[in-house]
Amino acid sequence: MQIGYEVIWEFVRRIPRGRVSTYGQIAKLAGLFRRARFVGYALHHLPPGMPIPWHRVINARGTISFPAGSANYTEQRKLLEREGIRFIGGKVDMKRWGWPGPTSQKSPGRARATRRA
DNA sequence: ATAGTGACCGCGT
DNA sequence: AACGCGGCCACTA
């Protein structure tokens, strides 16, 4: 259970504040192409107190993977909204808050003329 | 060693 | 848009 998780945590740590990534994307960045589930496992085994922004990782559908209403769900959503991420119908607009990748680090919100109100 | 279970994903109804 | 299904793979019983 040692090796492997740390690599994933490292990438999760790079997700900028106010943005979100997906299990699949993190897996891809870490060189684990089809292993999104492994990323979920890595976060599940994340030691308490570790300075890793685990809450910035959600699933590809733009929703939180915990059961709605569960303590974990509430916690993760609170942390994300605290960073300015908005939920619409329980979903996050990945076009707007999705993290492009390690190279790009633009700030959301002010962004594009995606004439969203 | 086999079978079941997940903080998943993407494609086809 | 919501659901179902198969693919993935580490971990546990």
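Structure shown above.
What you are looking at is a predicted structure, and each value in this text was computed from that prediction instead of being measured. (Residues numbered from 1 in each chain as written. Chains lettered and ligands numbered in written order. Predicted model: local features only at pLDDT ≥ 70, side-chain atom pairs only at ≥ 80, totals over all residues. Heavy atoms only, no water.)

(A) Representation of the protein's contact with DNA strand B. The environment of DNA strand B is formed by 14 residues, the closest being Tyr23, Arg37, Asn59, Ala60 and Ser65. Close to the protein, within 4 Å, the atoms of DNA strand B are drawn from sugar and phosphate at a rate of 40%. Interatomic distance of 3.0 Å between a backbone N/O atom of glycine 24 and a phosphate oxygen of DNA strand B. Of all the secondary-structure elements, those providing two or more residues to the surface near DNA strand B are α2 (23–29) and α3 (36–44). Among the elements that make up the surface near DNA strand B, the one with the highest residue count is α3 (five residues). Residues of the surface near DNA strand B, tallied by class, amount to six nonpolar, six polar and two charged. (Near = heavy atom within 4 Å. Polar contact = N/O pair within 3.5 Å; in protein donor to acceptor, adjacent residues only side chain to side chain. Helix = DSSP H or I, 4+ residues; strand = E, 2+ residues; numbered from the N terminus. Nonpolar A, V, L, I, M, F, W, Y, C, P; charged D, E, K, R; others polar.)

(B) Local environment of the packing of aromatic side chains. In the structure shown here, the tally under the stated rule is two aromatic pairs. Ring centres 6.2 Å apart and planes at 45° place the aromatic pair tyrosine 5 and tryptophan 9 in the tilted group. Of the two residues, tyrosine 5 and tryptophan 9 both sit in helix α1 (residues 5–13), four residues apart, roughly one turn of that helix. Overall, the relative accessible area of 9% leaves tyrosine 5 in the buried class. The class of tryptophan 9 is buried, set by a relative accessible area of 9%. Aromatic side chains tyrosine 5 and phenylalanine 38 sit 5.4 Å apart centroid to centroid with 45° between the ring planes, which places their arrangement in the tilted category. (Phe/Tyr/Trp six-rings, centres within 6.5 Å; stacked < 30°, edge-to-face > 60°. Buried < 20%, exposed > 50% of the residue type's maximum accessible area, 1.4 Å probe, protein only.)

(C) Molecular detail of the nonpolar core. Core analysis: the largest hydrophobic core is formed by 18 residues, its most contacted members being Ile8, Trp9, Val12, Ile26, Val39 and Leu43. Listed by contribution, the elements that provide at least two residues to this core are α1, α2 and α3. Counting residues per element, this core draws most heavily on α1, which supplies five residues. Residues Val20, Tyr73, Leu80 and Val92 belong to the second largest nonpolar core, which totals nine residues. (Core = buried A, V, L, I, M, F, W, Y, C linked by side-chain atoms within 4.5 Å.)

(D) Representation of the pattern of salt bridges in the model. Taken as a whole and assessed by the stated rule, the structure comprises five salt bridges. The shortest N-O distance in the salt bridge between arginine 56 and glutamate 83 comes to 2.8 Å. Note that arginine 56 is positioned in the loop between α3 and β2 (57–58) and glutamate 83 in the loop between α4 (71–82) and β3 (87–88), a separation of 27 residues in sequence. A relative accessible area of 13% places glutamate 83 in the buried class. For arginine 77, the salt bridge goes to glutamate 81, with nearest N and O atoms at 3.3 Å. Taken together, the positions of arginine 77 and glutamate 81, both in helix α4 and four residues apart, correspond to about one turn of that helix. Judged by relative accessible area, which is 23%, arginine 77 ranks as partly exposed. Within the structure, one salt-bridge network assembled from shared partners comprises Glu10, Arg13 and Arg14. (Salt bridge = Lys/Arg side-chain N within 4 Å of Asp/Glu carboxyl O.)

(E) Seen up close, the packing of α1 against α3. For the pair α1 and α3, interaxial distance at closest approach is 9 Å and the crossing angle is 90°. Relative to α3, α1 is oriented roughly perpendicular. Seen from α1, the contacting residues are Tyr5, Ile8, Trp9 and Val12; seen from α3, they are Phe38, Val39, Tyr41, Ala42 and Leu43. Here the contact of α1 with α3 is built from residues that sort into nine nonpolar, no polar and no charged. (Axes fitted to C-alpha atoms, helices over the stretch in contact; angles between N-to-C directions. Parallel < 35°, antiparallel > 145°, perpendicular 65-115°, else oblique. Contact = heavy atoms within 4.5 Å.)

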